[in-house]
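One-letter residues, chain by chain:
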Amino acid sequence: MVQIKSVGIIGAGQMGAGIAHVCALAGYDVLLHDVSEEKIIAGRSLIEKNLSRQVVKGAIAQDALDAAMARIKPAPELQTIGQTDLAIEAATENEEVKKTIFKALTPHLSADTILASNTSSISITRLGAASDRPERFIGLHFMNPVPLMNLVEIIRGIATDAATYETAVNFAKSLGKTTANAEDFPAFIVNRILVPMINEAIYTLYEGVGTVDAIDTALKLGANHPMGPLELGDFIGLDTVLSIMNVLYEGLADSKYRPCPLLVKYVEAGWLGRKAGRGFYDYRGEKPVPTR
């Protein structure tokens, strides 16, 4: 098995920054890449902000924060990621974008580098085929927010070898995470169950069964969920919810996975949830207010 000492992360957004955060805290050297230097700077700022919260809560010491930040280096050029022991792609949930990244990275990879995708729904077998090493390609699906959520789904493609799988499991455990093995079917385990529930909640709103507030209150108090499904959809990002539903609908050809037309309408309007300021709630005021 490969000894992982350095980790390259492609994508400095919420997920990529979260993965960099936990890797650096665990003692790994991290290279952080995105399409612009501004996005890398924003990603490092987010990491420092979240680490500072942990210091305030007493979860980590100030010297742990300082050491973690020192381990995270910006990587403006994608090719530099190829020299790390493990390269994790955490770009937008779009298959063509991910394939383009792997094709561009492949010529610069060292012989032993393991490739991983943080995809939450897309076939690991297909993504691995876009690289030169499908046997050293694996899915590492971290949950959001990465520093707080304990689970990592491990997904093998049809060509992923046993050594790559064992290395991936050991790596995830070294971050203090619990792993769950998922077969390479659309949306794997968590999102195969979770996202259709959110889609069904949107149908419940669309059909007038309940209001935004009623639906979220019902699931929080009636099913003991910490967050209502519409609030959770806004937190995940409605564009991501729609992407996952489309993967399920196209991959399994079952009408029960048809995206709700209201979800499509919100995404078309640019009302993507928290990150856009509006989704099923309007976040632009002092407190979130339902938009329907």
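Just so it is clear, the structure is predicted and the values come from calculations on it, not from any experiment. (Residues numbered from 1 in each chain as written. Predicted model: local features only at pLDDT ≥ 70, side-chain atom pairs only at ≥ 80, totals over all residues. Heavy atoms only, no water.)

### Re the overall build of the protein
- A count of helices and strands for the protein gives eleven helices and ten strands.
- Relative to a compact globule of 292 residues, whose C-alpha radius of gyration would be 19 Å, the protein shows 19 Å and is just as compact.
- When its C-alpha atoms are laid out on the principal axes, the protein stretches across 55 × 45 × 35 Å.
- Among the 292 residues that make up the protein, the fraction classed as buried is 48%.
- Considering only contacts within the protein whose residues lie at least 6 apart along the sequence, 64% involve residues at least 24 apart.
- Accessible surface computed for the protein: about 13600 Å², of which carbon and sulfur atoms make up 53%.
- When the 28 basic and 33 acidic side-chain charges of the protein are each reduced to a single mean position, those positions are 3 Å apart. (Helix = DSSP H or I, 4+ residues; strand = E, 2+ residues; numbered from the N terminus. Rg over C-alpha atoms; globule rule 2.2 N^0.38 Å. Buried < 20%, exposed > 50% of the residue type's maximum accessible area, 1.4 Å probe, protein only. Contact = heavy atoms within 4.5 Å. Areas by Shrake-Rupley, 256 points an atom, 1.4 Å probe, with all protein chains shown as cover. Lys, Arg positive; Asp, Glu negative; His and termini not counted. Charge placed at Lys NZ, Arg CZ, Asp CG, Glu CD.)

### A word on the UniProt feature "domain: 3-hydroxyacyl-CoA dehydrogenase NAD binding" (unreviewed entry) in the protein
- UniProt's entry tags residues 7-184 with the feature "domain: 3-hydroxyacyl-CoA dehydrogenase NAD binding" (unreviewed entry), counted in the numbering of this structure.
- Here residues 7-184 runs as 41% helix and 21% strand, with 24 Å between its end C-alpha atoms. (UniProt positions renumbered as here; feature names shortened; annotations may be inferred.)

### A short note on the packing of aromatic side chains
- In this structure the tally under the stated criterion is six aromatic pairs.
- On the basis of an interplanar angle of 25° and a centroid distance of 4.5 Å, the ring pair of Y266 and F280 is categorised as stacked. With Y266 in helix α11 (residues 261-269) and F280 in the loop between α11 and β9 (281-282), this residue pair connects regions lying 14 residues apart in the sequence. The exposure classification of Y266 matches that of F280, with both residues buried.
- Here a set of aromatic residues connected by ring pairs shows up, and it is made of Y266, W271 and F280.
- Sitting over the ring of Y165, R156 keeps its end group 3.9 Å from the ring centre. (Phe/Tyr/Trp six-rings, centres within 6.5 Å; stacked < 30°, edge-to-face > 60°. Lys NZ or Arg CZ within 6 Å of the ring centre and 35° of its normal.)

### Here's the deal with the UniProt feature "site: Important for catalytic activity" (unreviewed entry) in the protein
- When the UniProt feature table is mapped onto this chain numbering, "site: Important for catalytic activity" (unreviewed entry) sits at H141.
- Take H141: it is sitting in strand β6 (residues 137-142).
- Residue classification places H141 among the buried positions, given a relative accessible area of 5%.
- Ignoring any residue separated from it by four or fewer positions in sequence, one finds H141 in contact with S117, N118, T119, S120, L151, V152, E153, I155 and N191.
- Polar contacts involving the side chain of H141 include one to the side chain of E153, which spans 2.7 Å. (Polar contact = N/O pair within 3.5 Å; in protein donor to acceptor, adjacent residues only side chain to side chain.)

### Considerations on helix α10 (residues 238-252)
- Taking 1.5 Å of rise per residue, 15 residues should cover 21 Å, and α10 covers 21 Å from first to last C-alpha, within 8% of that figure.
- Buried-residue contacts for α10 involve α7 (190-206), α9 (229-236) and α11.
- Residue A253 follows α10 closely and has a positive phi angle near 50°. (Expected span 1.5 Å × (residues − 1).)

### Quick word on the pattern of salt bridges
- Summed over the entire model, instances satisfying the criterion amount to eight salt bridges.
- The residue E89 makes a salt bridge to K98 at a minimum N-O spacing of 2.4 Å.
- Measuring nitrogen to oxygen at the nearest pair gives 3.7 Å for the salt bridge that ties E93 to K98.
- The class of K98 is buried, set by a relative accessible area of 1%.
- Because the salt bridges share partners, they merge into one network encompassing E89, E93 and K98. (Salt bridge = Lys/Arg side-chain N within 4 Å of Asp/Glu carboxyl O.)

### Concerning unusual backbone geometry
- The step from N144 to P145 runs through a cis peptide bond, and the omega angle for that step is 0°.
- With respect to the helices, strands and loops of the structure, P145 is situated in the loop between β6 and β7 (151-156).
- Despite not being glycine, F188 has its phi angle at roughly 60°, a positive value.
- Structurally, the position occupied by F188 is in the loop between β8 (178-182) and α7.
- On the accessibility criterion, F188 (6% relative accessible area) is buried.
- Of note, the phi angle at N224 is positive, near 60°, even though the residue is not glycine.
- Look at N224 and you get exposed, because its relative accessible area is 68%.

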